[in-house]
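# A closer look at the structure
Below, each chain spelled out in residue letters.
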Amino acid sequence: MPPAQILQESPMEQDVESPITIRQPKLPKQAREDLHKQVAEKEKARRKIQRYVRKDGKCNVHHGNVRETYRYLTDIFTTLVDLKWRFNLFIFVLVYTVTWLFFGMIWWLIAYIRGDLEHIGDTKWTPCVNNLNGFVSAFLFSIETETTIGYGYRVITDKCPEGIVLLLVQSVLGSIVNAFMVGCMFVKISQPKKRAETLVFSTHAVISMRDGKLCLMFRVGDLRNSHIVEASIRAKLIKSKQTKEGEFIPLNQTDINVGYDTGDDRLFLVSPLIICHEINQHSPFWDISKDHLAKEELEIVVILEGMVEATGMTCQARSSYVTSEILWGHRFTPVLTLEDGFYEVDYNSFHETYETNTPTCSAHELMEMTAREGLPLSWSVASKLNQHAELETEEEKDKGTSRNNKEQTERNGDVERMENESKV
């Protein structure tokens, strides 16, 4: 039977093999909008944020195609200090081992050229170095000479002028090697990088009202009892920029004033402090509102530096805040409490924030709105917002009162109507 006839005679099989289209149930508009928002938030969270400075303070920049590598050798001391510990220890051991082997080889050559190795055990022969009978013994004598151990079994004689000269050279060079390598290890051990681990920054930065002005704030603290002397704080805005001439400047750095003109950037860091940046005409956040901030791609780098009280060495701690880590309309939870005779800091609440009444417009729009309404300069926007909230509360109360009066009137009308009906 031909295939066409089979298909005509068996319509059931043809229906089974045909593709089936499943229609999705149509969601309500609000559900669709919520679904789109969830998908957008997931995509935003999945998108990797490229930081200029990581939260631990390390710069996320790698130098490539450096052709003038000889500059690293001209400053060999700093190069060795900057190396990782495993490479530093390897070079430390390698330098001493190579030095001992080098001078041990020269001591063996002197003994070989003089013929001392051919007169071993001859009491009438005066060797350059007593009891030096091979390369191993020459290597051990080199170690004893450079480290000034001097066990007394192998000793140089006065009949070997070349050995005396070599002894002087090895002593001087050994002292230089010791000073260089021990100094390198001492500097690396005493580096204040680990001291920066006890300087903490808040996880988020916040934007809220302070003294009637919109401010950007973050918190810093020191976990140790030994303080940072002459501590100072700086902040930089990292954001790409395009000039009026069309030049594109990637990762342009702009200063953020955190009290440079008033001296507030000089910190007495005994307890956690909130660093405040007033958003004014000179601030890079002057025209940024809450909605605009969510679309910006920027990073705030904060730098805290000072001298370690115990060692006197300069210490620097760094951190950064990207757009998703700046909370609009939040304040930091207080962490300082007065106990019996002392102040106690609760570091469990160091990173905690709470929401506060804050306008969502930019500082520029806020100033224009305040000037348009003819408010005095001493007017507090926070108090204005509180007044608006009080007015709304009073309106709600008035509405509730009128509603109750209306219900009472209706009930009175019902009672009167029932009484009239009963009279009839």
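What you see is a predicted model; the values in this text were computed from it and never measured.

### Concerning the pairing of strand 3 (residues 213-222)
Within strand 3, 9 of the 10 residues are buried, leaving the element largely enclosed by the surrounding structure. Note that strand 1 (residues 199-201) and strand 3 share 3 bridges and pair antiparallel. Paired with Val 200 across the two strands is Gly 221, which belongs to strand 3. Between strand 2 (residues 205-210) and strand 3, which follow one another and run antiparallel, lie 2 residues, and Asp 211 among them has a positive phi close to 55°. Note that strand 3 and strand 7 (residues 273-278) share 6 bridges and pair antiparallel. Of the residues in strand 7, the one forming a bridge with Leu 216 is His 277.

### A short note on the nonpolar core
Judged by nonpolar contacts, the single largest core of 38 residues is most densely connected at Ile 233, Phe 285, Ile 300 and Ile 326. Those elements that place two or more of their residues in this core are strand 1, strand 2, strand 3, strand 4 (228-242), strand 8 (299-308), strand 9 (314-322), strand 10 (326-328) and helix 10 (363-372). Once residues within four sequence positions are removed from consideration, Phe 285 is found in contact with Leu 216, Leu 237, Ile 256, His 277, Ile 279, Leu 298 and Ile 300. Within the second largest apolar cluster, 11 residues are counted, among which are Trp 107, Cys 128, Ala 138 and Cys 160.

### Side note on the pattern of salt bridges
One pass over the full model with this rule turns up 12 salt bridges. The partner of Glu 296 in a salt bridge is Lys 239, and the shortest N-O contact between them spans 2.8 Å. Of this pair, Glu 296 sits in the loop between helix 9 (290-295) and strand 8 while Lys 239 sits in strand 4, placing them 57 residues apart in sequence. Here Lys 239 falls in the partly exposed class, since its relative accessible area comes to 28%. Ionic contacts of the salt-bridge type, sharing partners, join the residues Arg 51, Lys 55 and Glu 325 into one network.

### Topic: the packing of helix 6 (residues 85-114) against helix 7 (residues 135-146)
The contact between helix 6 and helix 7 brings their axes to 8 Å, and the two run at 120°. Compared by their axis directions, helix 6 and helix 7 come out oblique. For the pair helix 6 and helix 7, the sense of crossing is right-handed. Across the interface between the two elements, Tyr 96, Thr 99, Trp 100, Leu 101, Phe 103, Gly 104, Met 105, Trp 107 and Trp 108 from helix 6 touch Phe 135, Ala 138, Phe 139, Phe 141, Ser 142, Ile 143 and Glu 146 from helix 7. For the contact of helix 6 with helix 7, the class distribution of residues is 12 nonpolar, 3 polar and 1 charged.

Conventions and cut-offs
Residues numbered from 1 in each chain as written. Predicted model: local features only at pLDDT ≥ 70, side-chain atom pairs only at ≥ 80, totals over all residues. Heavy atoms only, no water. Buried < 20%, exposed > 50% of the residue type's maximum accessible area, 1.4 Å probe, protein only. Helix = DSSP H or I, 4+ residues; strand = E, 2+ residues; numbered from the N terminus. Pairing = 2+ DSSP bridges. Core = buried A, V, L, I, M, F, W, Y, C linked by side-chain atoms within 4.5 Å. Contact = heavy atoms within 4.5 Å. Salt bridge = Lys/Arg side-chain N within 4 Å of Asp/Glu carboxyl O. Axes fitted to C-alpha atoms, helices over the stretch in contact; angles between N-to-C directions. Parallel < 35°, antiparallel > 145°, perpendicular 65-115°, else oblique. Left-handed = near helix turned anticlockwise from the far one by under 90°. Nonpolar A, V, L, I, M, F, W, Y, C, P; charged D, E, K, R; others polar.

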